[in-house]
Amino acid sequence: MNQSIQSLDIDESSQNQQHSEHIIMAGINLQHYTPTGAMNTAEAAANIDPTPLIDDDERSPDELEALPQKASPADDTADTAHAPHPPTWRHPIGSTRTFFAELSGFFSWKFLSWLAIDQCCVSGGVFALVMALGLPLFKELGIGASRQQLYMSMIMSPWAMKPFIGVASDLFPIGGFNKKYFALYSILIGLLGCSILLGIYHSGAAESAIQQGENAVGRLSDFIVICFTFVSYEAATLDILGEGKYAELMRLHPESGSSIISYKFGWSLLGSIVTQCYVGPLSDAGYFHVLFWIALALSLTPLYPTLVGWIPEKKRTADESGMVKLCRGFLFDRGAFQEKKVPFIVITLCGLSAPLLAAVTTYADLVIGLVVSAVLIIAFTVATYY
């Protein structure tokens, strides 16, 4: 009885093995396999490659030269560009030096210097000074909180114009350059705003307006806000021009990664920290004229680097395809405009609507500003979807 059960188990296992072999052979092209034990001893020994077991000292010079050379990791990365290595806390000085050296290989030291001056002295310097100075200055003039909010929206409106400024610099080269003269004009506007503020506080106009009453204070504060807006325009223009240039260079060198963005915001943060350290004590002491002198100096810092061409760009001429000469020194890139006409028009309207709406709301009437805002929203919705 046990023998019959054992025979049945053997038959079932053999059938299962044949069935599994049939399934495997149906899906896989199996090659003929010969067990090692079935091979001749001499033939099996001939099929074994003994080279991994032979030390280099036992090889002849001819055999060593015939061996393929193994590439080292350094050889693999010698000719391959990579993103700059960020500084580490273990070796702060050496790693920082390496980071800047690798970054300058992609973006040039001149442009990196220009970007550092712009972000540290303008975006993180004079603009941060204006934003931090607004509250104590308006408080001293006796401006209410609701009016201060309208003033701050007006001061911030140039930053909403950044897309329009970028489009204008791309379509209208001045003197053959897309960015150089737009940056210079914005610096001059910022210097004008700081100079007027210095004149106001050195002439004693602020104290005189406070003595004359609310109407005089209102006129003076409106004038101060316009000057602050000029400074904000300088910061916003230089910021968008710098962003456009390093975005262009990042497309040419995608292996650079996002290190340039960390570089930019690092300088901006540094300038903002330094600015916040002295704005509070000086404004509490009433030394507003000292702060405006500092703002004037900071606004002036990017003038020379911009004038000598630290923003890398190729000079454009009227002979280029699609380029039209408007007047002396002014060109119009009609080809680029025709290629993306609708986006350019929408961006232009959006960029101009922000300062227009802020001006109407601040200097005209709040109800009129709300009506203009509703009309603009409807118009942009129609332009976007239809």
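Above this text you will find the structure in question.
Quantities reported herein were computed from a predicted structural model and do not represent experimental measurements. Starting afresh in each chain, residues are numbered from 1 along the sequence in its written order. Local features in this predicted model are restricted to residues whose pLDDT is 70 or higher, and side-chain atom pairs enter the listing and the counts only when it is 80 or higher, whereas totals over whole chains, interfaces and linings include all residues. Only hydrogens and water are removed before side-chain values are computed, so all heavy atoms of the structure are retained for them.

A. Focus on the overall build of the protein chain. Secondary structure summary: the protein chain contains 17 helices and 2 strands in total. Relative accessibility thresholds used throughout: buried, under 20% of the residue-type maximum; exposed, over 50%; partly exposed, between the two (1.4 Å probe, protein chains only). Per-residue burial for the protein chain yields a buried fraction of 34% across its 386 residues. Any two residues whose heavy atoms approach within 4.5 Å are treated as being in contact. In the protein chain, the proportion of contacts linking residues at least 24 apart, taken out of those at least 6 apart, comes to 75%. Accessible area for the protein chain stands at about 23,200 Å²; split by element, carbon and sulfur atoms hold 63% of it. Here a helix means four or more residues in a row that DSSP labels H or I, a strand means two or more in a row labelled E, and each is numbered from the N terminus. Here the accessible surface of atoms and residues is derived via Shrake-Rupley with a 1.4 Å probe, and residues count as covered only by protein chains that are part of the display.

B. Just the environment of leucine 331, in detail. Position of leucine 331 among the secondary structure elements: in strand S2 (residues 330-333). Linking leucine 331 and arginine 316, residues 15 residues apart in sequence, is a C-alpha distance of 8.8 Å. Excluding residues that lie within four positions of it along the chain, leucine 331 makes contacts with Leu171, Phe172, Pro173, Arg316, Thr317, Ala318, Met323, Val324, Lys325 and Leu326.

C. Examining the packing of helix H12 (residues 259-284) against helix H13 (residues 288-300) more closely. H13 packs onto H12 with a crossing angle of 145° between their chain directions and a minimal axis gap of 8 Å. Taken together, the residues of H13 that come into contact with H12 (itself represented by Tyr278, Val279, Leu282 and Ser283) are Phe288, Val290, Leu291, Ile294 and Leu298. Of the residues assigned to the contact of H12 with H13, the class counts are 8 nonpolar, 1 polar and no charged. For helices, the fitted axis covers only the stretch in contact; all axes are lines through C-alpha atoms, and the angles between them, taken along N-to-C directions, range from 0 to 180 degrees. Under the scheme applied, nonpolar residues are Ala, Val, Leu, Ile, Met, Phe, Trp, Tyr, Cys and Pro; charged residues are Asp, Glu, Lys and Arg; polar residues are all the others, including Gly.

D. Structural detail: the packing of aromatic side chains. Centres within 6.5 Å are what make two rings of Phe, Tyr or Trp a pair, Trp counting through its six-membered ring; a difference in plane orientation under 30 degrees is then read as stacked, over 60 as edge-to-face, and the rest as tilted. A full pass over the atoms with the stated rule returns 14 aromatic pairs. With a centroid separation of 5.8 Å and an interplanar angle of 80°, the aromatic rings of phenylalanine 100 and tyrosine 263 are classed as edge-to-face. Taken together, the residues span a long stretch of sequence, with phenylalanine 100 in helix H5 (residues 92-107) and tyrosine 263 in helix H12 at a distance of 163 residues. Exposure remark for phenylalanine 100: the relative accessible area of 33% places this residue in the partly exposed category. Centroid distance phenylalanine 127 to tryptophan 159: 4.9 Å. Interplanar angle 50°. Geometry classified as tilted. One end of the pair, phenylalanine 127, is in helix H6 (residues 109-141); the other, tryptophan 159, is in helix H7 (residues 145-160), with 32 residues separating them in the sequence. Each member of the pair, phenylalanine 127 as well as tryptophan 159, carries the same accessibility label: buried. Counting every residue linked through ring pairs, the aromatic cluster contains Phe172, Phe332, Phe337 and Phe344. Just above the ring of phenylalanine 177 sits the side chain of lysine 180; from NZ or CZ to the centre is 5.4 Å. Any Lys NZ or Arg CZ found within 6 Å of a ring centre and within 35 degrees of that ring's normal is scored as a charge over the ring.

E. Region of interest: a nonpolar patch on the surface. Residues Phe172, Leu326 and Phe330 make up a contiguous nonpolar surface patch of roughly 260 Å² in combined accessible area. Mapping phenylalanine 172 onto the fold places it in the loop between helix H8 (162-171) and helix H9 (180-202). Patch membership requires over 30% relative accessible area and the absence of a salt bridge. Like charges are linked within 9 Å, and nonpolar side chains (Val, Leu, Ile, Met, Phe, Trp, Tyr) within 5 Å. A pairing counts as a salt bridge when a side-chain nitrogen of Lys or Arg comes within 4 Å of a carboxyl oxygen of Asp or Glu.

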